[in-house]
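Each chain is listed here by its residues.
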There are 4 protein chains.
Amino acid sequence: MTDHRIAPDLVAAHNQSRAASQAADYQALGEHLSRRGIDIETVTRKVSAFHVAVPSWGVGTGGTRFARFPGIGEPRGIFDKLADCAVINELTRATPGVSLHIPWDKADPAELLAAAEAYGLHFDAMNSNTFSDAEGQALSYKFGSLSHADAGTRAQAVEHNLDCIEIGHAIGSKALTVWVGDGSNFPGQSHFTRSFERYLASMGDIYAALPDDWRLFSEHKMYEPAFYSTVVQDWGTSYLIASTLGPKAQCLVDLGHHAPNVNIEMIVARLTQFGKLGGFHFNDSKYGDDDLDAGSVDPYRLFLVFNELVDAEHHGIKDFDPAHMIDQSHNVTDPIESLISSANEIRRAYAQALLVDREALDGYQDDNDALMASDTLKRAFRTDVETILAEARRRDGGAIDPIGAYRASGYRKRIGAERPAARAGGGGIV
Amino acid sequence: MTDHRIAPDLVAAHNQSRAASQAADYQALGEHLSRRGIDIETVTRKVSAFHVAVPSWGVGTGGTRFARFPGIGEPRGIFDKLADCAVINELTRATPGVSLHIPWDKADPAELLAAAEAYGLHFDAMNSNTFSDAEGQALSYKFGSLSHADAGTRAQAVEHNLDCIEIGHAIGSKALTVWVGDGSNFPGQSHFTRSFERYLASMGDIYAALPDDWRLFSEHKMYEPAFYSTVVQDWGTSYLIASTLGPKAQCLVDLGHHAPNVNIEMIVARLTQFGKLGGFHFNDSKYGDDDLDAGSVDPYRLFLVFNELVDAEHHGIKDFDPAHMIDQSHNVTDPIESLISSANEIRRAYAQALLVDREALDGYQDDNDALMASDTLKRAFRTDVETILAEARRRDGGAIDPIGAYRASGYRKRIGAERPAARAGGGGIV
Amino acid sequence: MTDHRIAPDLVAAHNQSRAASQAADYQALGEHLSRRGIDIETVTRKVSAFHVAVPSWGVGTGGTRFARFPGIGEPRGIFDKLADCAVINELTRATPGVSLHIPWDKADPAELLAAAEAYGLHFDAMNSNTFSDAEGQALSYKFGSLSHADAGTRAQAVEHNLDCIEIGHAIGSKALTVWVGDGSNFPGQSHFTRSFERYLASMGDIYAALPDDWRLFSEHKMYEPAFYSTVVQDWGTSYLIASTLGPKAQCLVDLGHHAPNVNIEMIVARLTQFGKLGGFHFNDSKYGDDDLDAGSVDPYRLFLVFNELVDAEHHGIKDFDPAHMIDQSHNVTDPIESLISSANEIRRAYAQALLVDREALDGYQDDNDALMASDTLKRAFRTDVETILAEARRRDGGAIDPIGAYRASGYRKRIGAERPAARAGGGGIV
Amino acid sequence: MTDHRIAPDLVAAHNQSRAASQAADYQALGEHLSRRGIDIETVTRKVSAFHVAVPSWGVGTGGTRFARFPGIGEPRGIFDKLADCAVINELTRATPGVSLHIPWDKADPAELLAAAEAYGLHFDAMNSNTFSDAEGQALSYKFGSLSHADAGTRAQAVEHNLDCIEIGHAIGSKALTVWVGDGSNFPGQSHFTRSFERYLASMGDIYAALPDDWRLFSEHKMYEPAFYSTVVQDWGTSYLIASTLGPKAQCLVDLGHHAPNVNIEMIVARLTQFGKLGGFHFNDSKYGDDDLDAGSVDPYRLFLVFNELVDAEHHGIKDFDPAHMIDQSHNVTDPIESLISSANEIRRAYAQALLVDREALDGYQDDNDALMASDTLKRAFRTDVETILAEARRRDGGAIDPIGAYRASGYRKRIGAERPAARAGGGGIV
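Not measured: the values here are computed from a predicted model.

S.K.: Explain the overall build of chain A to me, please; I cannot follow it from the model alone.
M.R.: Across its full length, chain A holds 15 helices and ten strands. In summary, chain A has a C-alpha radius of gyration of 22 Å against a globular reference of 22 Å for 430 residues, a match within 12%. Each principal axis of the C-alpha distribution contributes one length, and for chain A these read about 65 × 60 × 40 Å. With 430 residues in all, chain A has 69% of them scored as buried. In chain A, 40 positive and 59 negative side-chain charges are present, and the distance between their average locations comes to 3 Å.

Put into structure tokens, the structure is as follows:
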């Protein structure tokens, strides 16, 4: 039996007060879409079935190198985090999966499974961490981990990843995401080829230990924490990794990890075409790896990514099964609210992409009718699908207005009383 | 009596076939907005009153340095261009103003006025050209114009601008937009300060000749055609120009003229606050000064710009009257279609910005409620206002679906028969 | 009498072993420069007189939001920092000024002065900090400081800046540098104009308290820690601040605080021309505000900045007196070594800029001889002036090879024994 | 017997007047390098053996989409171009190879060979052109070429490339460089995957026709002339092409074709490691594909690229034989001067890279001594190798000061008299 963090009665009452307005909006959109030849129910069902994982670390307040300003009720450990994740899923019904970060979330697997089950959650991809030194760690990652010049340090980093697989195996995860900060801050500091050879060898050791039904995601990033070169700097290198390692290795695309102006949806298409699209870390950004809330800065870009995904589904690409996960840093909002909102935005982009008239689009593309092709995407994008998202939530037991319901629930205040205040820090992520 | 380029009957018949669907959409949105406390009629009236000027050069097919691929029916001169501009306005009722580019559009003022009147058009800001050499020009602009090291070349460029004012004066224009490509391709080629002093002196001469009721717009651009430095490289320099020259000088913001990642809406706010926002060249871009169709790549950015404009209106900023103009290069579309579509996109952003609940937003801003502040903008943006735009067009005599009506009219084919085929060229703009 | 941190005997012995090679190099370069009409001694004297301040926080190991990996012998407080700064100056003779950061460096002014005097140091610009919350601070800067929506928070931030002035006044500083992270992470979160009005009012209060012989530097930055908008986002806004406040207010340029591809040397020229160039934070960067060692990634850019400074001196610009300071984050090097090296790189760029044949350059610029103008700068840049820098150090009592001498001295090991090990942290700056 | 375009006597006299100074510089540097354990003669010999090809189109004045400002004596066709290329090689002795662009350079192979032989030149890689429409071409490339939706257009583009191979075969070329502008200006205009499949099929047809001893270079570019997506947008896609096609297919890196801030030298390392580095188009850039003179904006970046090349040689990478070619647009200089200067800059970077102490560097890299690793590169870079370059030219019969000799020769004036003035155009390349 589910351990509700938000009282179902509260959600029901909240929905009741919005029911008439929601019904009117839903009916009006249904009629409008019907005039466009689209069945709203098909869209709503697909949205309802679409889930995106939340990262355990996302429910804590993030920070920059300059400062971190914690909020009240910061989670004290993985079980507080799971409780907060449960709130998000109860209100959105979009986020039953939680992605753990080791070592921070290390705990007894049985207890993890029990807590998740009680909350109606499960565990998504595992994330290893070799970009900072854990307490008591023998060798430092200051100068790298999987690509470190020192064999002992590399072995330690490999061992940590094997640990992550073992924990994940015990709790039902099916993937390991590897992101390393390895790189250099000065021209000359690292030898590009020797570093990458070492990285590939380390990843080979990890790959060898991967269960048969697991996937290994390599995640590229242009820069930060390394500011001159990064070992896995772009999708080209990530593709080399995945194709060197083997079929269980795929590429993970974090939307904020690219050079300025890069066409990300095209990378998605290329990796899809070559069978190497593993999944996503969703977020938004304006400058660098800003880790802002998904869809908050450039919602059309998010739509264009989903346009590729829906197109791949539409064309029945074989073995196409990208993982969806949010990866954001919530520095100025209540993290629970940001994750609720981001899950909605991701579903919004998906719903909009479902509205694209793909037969018409194919025709415009073949005819080089650029204007109508563009308009076909824009038309889908500008359709206000909020009522579809709300309907999917409502039907699945979530809230028509999840932020409103969350605020009405007093959850944050409640955990603020339960959990001791966190210290403001000099920066960083947790 | 208006010389219709598209038969009113055709538009009427076209609208008739879409009337029921439009009425249903409009009523549904009206009810939805009413539930949000917004009167749709107020919005529709404001949209109807909103106009954006089209550039005479925009109706010709544009190109890059690599190639220009003309379409059929390319305009042979300013009178063909005016005819094409008339089509855009007849269908959108959003673009009665046309902005001329001298020397290309030079013609007898009386004939220009007569043609414009016949089409129901008028003349917007004048644009001088000193970024290329006109046939028979005495001195070359290869190394600059208003900032050229040679006094004679500067004088020639000033004289050309005075010409533009004179022509504009005769045809009812009230502003001169000055954009120069002056700059350098090598570190050391130009002395930054001496060049800028010369530029300021030249602009001072132009300013001195400006009629009292005119404005002088300085337009900044980061790079291209100069690839190391540009004399008016950003809004900071543009502000220095406008404040040095005097109250009739203001800054013009072309959305594609900034460094990657720059927050353009913030520049709009700063110039507004300091009384120097002269106007806009609307377009969209992904990489550089791509001159793509407005709203085609990042529609939320366009909305955020209009959010600033509506906010300034809302707060009753004194003497706030920015000029709105499209400036795009239509390389792969029928230019008339792109201008129709872009005028709609610009109105769309305006309509969405009108839907922002500004009292609520002010409150969220004062309370540092970042999430709800963001959502307040997003909520306005995601409202599908297409039916409002269509209604404004319909009521003003335009087309519910202007692209559809344009294609149905056969206009392009007709002028293709009238006008001789243009030669494919090695590149460039015309 | 100076309290030497590095034994003068060690430096002397070290220099002795390099004396012959240095003499040979110096003589050869002198003869080469003489053939180019340049007197090496004039250059060496100017280099010797050129100083750049080091930041107190620069001697500690920096970090990113992901991690900080401390080295051995991390300074425990301002007095340890001053000791480390003394090492840098003893070996380079280029860095007698130290710039303090309050509250971290707060201490009894008399003790600060005594320590500085003992080390042959003095205090450069003061730096306030309102981008993180100090222990025990009443109101948080989570949502801004000088521009905060709340008057009490703004007052607290102003008060902190007045404190900085007071401390600085007591220890002989003559300037206050204000950099704030104020901004927003979401479109809509902040009202651009109201925020900036509040910022200007707060800065007005600080300006009013400034001693007559002080300067107030406003430092712009495109982004980070705020990732959608920043109140002082670029030099245009910084100029508006400085010109609104008055003649004692000027703009400070940090080389890493700009949008991609921006021509920084041109900003330097504009601020110089309009009397608002206050000074620099030197560093280098490839992606964002990477805070890498000066000249390590793009040494020609550093040269081009100095080319502007030497040009301004050459043309006798009135009241031209920019402050020079290093501002870097040393994440993977011994901070003392990075500061030694960076001071040398900055002097190198200055020395190279002194070699530019300015009369020839003026002529090429007036003749639009882009190739020879470029070559004139490149010729100066490619001259290997290392022997000039070494000679200036040697004559002033520093080391011919300061990194070599530092390593030979065993200083790091010594302080490693004296100072307790710092804890590896979750990220951030200190 | 060589047909000299610049009288050997003139070069000899010119050198004579600089001989003493050159000898003194060369001796001084030799002694300095000797103290660093480097034999100057070894470096000079390697520089002498290093050649870079010039592009036939580079000797004409380039332009932008806004304008092209021709100089005097513009080449009228391929034979004028070869004459100008001869000048460059006679003075630099660095550029015996000329790279042709079809259709512009189409001519009788026997005549081409005869002319080249007379000038002491040979033919480097062939370049096809499907980014603009040639006169009389049946089908337009407005919407693409090798990836066009229409099979006929693709066949025409393939056929053109086969032509290029045939011509190249007749004149001794051994490579075909394929760069296409194919892409889109609007989201939705092209289907990424279908376009790329068509591109791969077309390239497969070309590859099949390649002689056994030829290589096929695919050249990526982020954007321009397409402004939303480009089929071969980055090295990742270029790698997919080369690995799909086979061993004779490799990737060509144009230094100006990347996103802002991208680490290009790392791409060079990755392609080298995976056996797919085909060669380079050298130039420099600050903003986009600016096509500025090599080394004029960021000379250290050019050095870092050569550092990778010399490192690969040093480590004896198998089958490592990248092609070197200049690809620039000379808009404001005499193209001959820019090519002379660029050839020198490229050799300069090579010479500096030869000075890197690779054993020491390896050690610093293995020890994570970032500062000394950086300094090892910087030390090589800051060595003034001009005298080595001059010596290599002098010994091979070129000019100590090739720009000076060129100007003294009066060549430009002479061809200005011979060749009719070109018309200033509306923009573009030729």
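S.K.: How do you make sense of the relation of the copies chain A and chain B when you look at a structure like this?
M.R.: Each of the two copies of the chain can be brought onto the other by a rotation about an axis and a shift along it. In the superposition of chain A on chain B (RMSD 0.0 Å, axial shift 0.0 Å), the rotation amounts to 180°. In the structure described here, the two chain copies are related by an operation that fits a two-fold rotation axis.

S.K.: Whenever I open this one, helix 6 (residues 192-208) of chain A confuses me. Can you help?
M.R.: Count 3.6 residues to each turn of an α-helix, and residues three or four apart come out pointing the same way. Taking 1.5 Å of rise per residue, the 17 residues of helix 6 of chain A would be expected to cover 24 Å, and the 24 Å separating its terminal C-alpha atoms lies within 8% of that figure. Within helix 6 of chain A, twelve of the 17 residues are buried, leaving the element largely enclosed by the surrounding structure.

S.K.: Would you mind going over the pairing of strand 9 (residues 277-282) of chain A with me for this structure?
M.R.: Each regular strand displays side chains that alternate between the two surfaces of the sheet. Residue and element names in this part refer to chain A. Counting buried residues in strand 9 gives six out of six residues, a clear majority hidden from the surface. Bridging between strand 8 (residues 249-254) and strand 9 involves four bridges; their strand directions are parallel. Of the residues in strand 9, the one forming a bridge with D254 is H281. Traced from strand 8 through helix 8 (residues 264-273) to strand 9, the parallel crossover comes out right-handed. Between the parallel pair strand 9 and strand 10 (residues 323-326), the chain is carried across by helix 9 (residues 299-314), and the sense of this crossover is right-handed.

S.K.: Teacher, can you tell me more about the interface of chain A and chain B here?
M.R.: Interface size, as often reported, equals the accessible area lost upon joining of the parts. Taken together, the contact between chain A and chain B spans 38 residues of the former and 38 residues of the latter. Roughly 3,100 Å² is buried in total at the junction of chain A and chain B, and carbon and sulfur atoms are behind 49% of that figure. On the chain A side of the interface with chain B, the three residues burying the most area are A:N261, A:L371 and A:R382, jointly 22% of the side's total. Across the pair A:D369 and B:R407 runs a salt bridge whose closest N-O atoms are separated by 2.7 Å.

S.K.: Could you clarify how one ought to interpret the packing of helix 1 (residues 8-35) of chain B against helix 13 (residues 386-395) of chain B in this entry?
M.R.: Helix-helix packing: each pair is described by the crossing angle between the helix axes and the interaxial distance. Residues and elements named next belong to chain B. Between helix 1 and helix 13, whose axes approach to 9 Å, the crossing angle comes to 130°. What the angle tells us is that helix 1 and helix 13 run oblique. Read as a crossing pair, helix 1 and helix 13 show a hand that is left-handed. Contacts between helix 1 and helix 13 involve N15, Q22, D25, Y26, L29 and L33 on the former and, on the latter, T387, I388, A390, E391, R394 and R395.

S.K.: Looking at this model, I keep getting lost on the pairing of strand 9 (residues 249-254) of chain D. Mind explaining?
M.R.: Residue and element names in this part refer to chain D. When you tally the buried positions in strand 9, you get six out of six residues, the bulk of the element. Burial along strand 9 is two-sided: the residues A249, C251 and V253 and Q250, L252 and D254 are all buried. In the sheet, strand 7 (residues 215-219) pairs with strand 9 via four bridges, with the strands oriented parallel. Bridged to L216 within strand 9 is A249.

S.K.: Please clarify how the interface of chain D and chain A should be interpreted in this entry.
M.R.: Tallying the contact residues gives 54 residues for chain D and 53 residues for chain A. Taken together, the connections running from chain D to chain A amount to four salt bridges. Put simply, D:D362 and A:R194 hold a salt bridge, and the shortest N to O gap is 3.3 Å. Run the count over chain D and chain A and you get 18 residue pairs in polar contact (both at pLDDT 80 or more). Those elements giving two or more residues to the side of chain D that touches chain A turn out to be helix 6 (192-208), strand 8 (229-230), helix 7 (235-245), helix 8 (264-273), helix 9 (299-314), helix 11 (358-366) and helix 12 (370-382) of chain D. It is helix 6 of chain D that provides the largest number of residues to the side of chain D that touches chain A, a total of seven residues. Within the side of chain D that touches chain A, the residues separate by chemical class into 25 nonpolar, 19 polar and ten charged.

S.K.: Teacher, can you tell me more about the pattern of salt bridges here?
M.R.: Charged atoms that come close allow side chains of opposite charge to pair. Scanning all chains against the criterion turns up 136 salt bridges over all chains. Across the pair B:R407 and B:E337 runs a salt bridge whose closest N-O atoms are separated by 2.9 Å. Here B:R407, found in helix 14 (residues 402-409), pairs with B:E337, found in helix 10 (residues 335-354); they are 70 residues apart in sequence, far enough to count as distant. For B:R407, a relative accessible area of 37% translates into the label partly exposed. D:K174 serves as the salt-bridge partner of D:D213, at 2.7 Å between the closest nitrogen and oxygen. Here D:D213, found in the loop between helix 6 and strand 7, pairs with D:K174, found in the loop between helix 5 (151-171) and strand 5 (175-178); they are 39 residues apart in sequence, far enough to count as distant. Given a relative accessible area of 45%, D:D213 falls into the partly exposed group. Salt bridges here are not isolated pairs; linked through shared partners, they connect A:E345, A:R348, A:E386, A:R393, B:D375, B:K378 and B:R382.

S.K.: How should the sheet that holds strand 4 (residues 175-178) of chain C be read in this particular structure?
M.R.: Backbone-to-backbone hydrogen bonds join strands into a sheet, with any given pair of strands oriented parallel or antiparallel. Residues and elements named next belong to chain C. Pairing is parallel across the open sheet formed by eight strands, whose spatial order is 1-2-3-4-6-8-9-10. Edge positions in the sheet fall to strand 1 (54-55) and strand 10 (323-326), since each of these pairs with one other strand and no more. Looking at chain direction, strand 1 and strand 2 (residues 97-101) are connected through two bridges and run parallel. Note on strand 2: the bridge partner recorded for V54 is V98. Sitting on the sheet, helix 6 (residues 192-208) is in contact with strand 4, strand 6 (215-219) and strand 8 (249-254), with an inclination near 155° to strand 6.

S.K.: Whenever I open this one, the relation of the copies chain D and chain A confuses me. Can you help?
M.R.: Each copy of the sequence occupies a distinct position, and chain D is placed on chain A by a rotation of 180° and an axial shift of 0.0 Å, giving an RMSD of 0.0 Å. When you check the interface residues of chain D against chain A, 98% turn up at the interface there too, and the contact is symmetric in its surfaces.

What counts, and where the lines are drawn
- Residues numbered from 1 in each chain as written.
- Chains lettered and ligands numbered in written order.
- Predicted model: local features only at pLDDT ≥ 70, side-chain atom pairs only at ≥ 80, totals over all residues.
- Heavy atoms only, no water.
- Helix = DSSP H or I, 4+ residues; strand = E, 2+ residues; numbered from the N terminus.
- Rg over C-alpha atoms; globule rule 2.2 N^0.38 Å.
- Buried < 20%, exposed > 50% of the residue type's maximum accessible area, 1.4 Å probe, protein only.
- Lys, Arg positive; Asp, Glu negative; His and termini not counted.
- Charge placed at Lys NZ, Arg CZ, Asp CG, Glu CD.
- Least-squares fit on C-alpha atoms with pLDDT ≥ 70 in both.
- Expected span 1.5 Å × (residues − 1).
- Pairing = 2+ DSSP bridges.
- Right-handed = clockwise from strand over helix to strand, strands pointing away.
- Contact = heavy atoms within 4.5 Å.
- Buried area = accessible area lost by both parts, 1.4 Å probe.
- Salt bridge = Lys/Arg side-chain N within 4 Å of Asp/Glu carboxyl O.
- Axes fitted to C-alpha atoms, helices over the stretch in contact; angles between N-to-C directions.
- Parallel < 35°, antiparallel > 145°, perpendicular 65-115°, else oblique.
- Left-handed = near helix turned anticlockwise from the far one by under 90°.
- Polar contact = N/O pair within 3.5 Å; in protein donor to acceptor, adjacent residues only side chain to side chain.
- Nonpolar A, V, L, I, M, F, W, Y, C, P; charged D, E, K, R; others polar.

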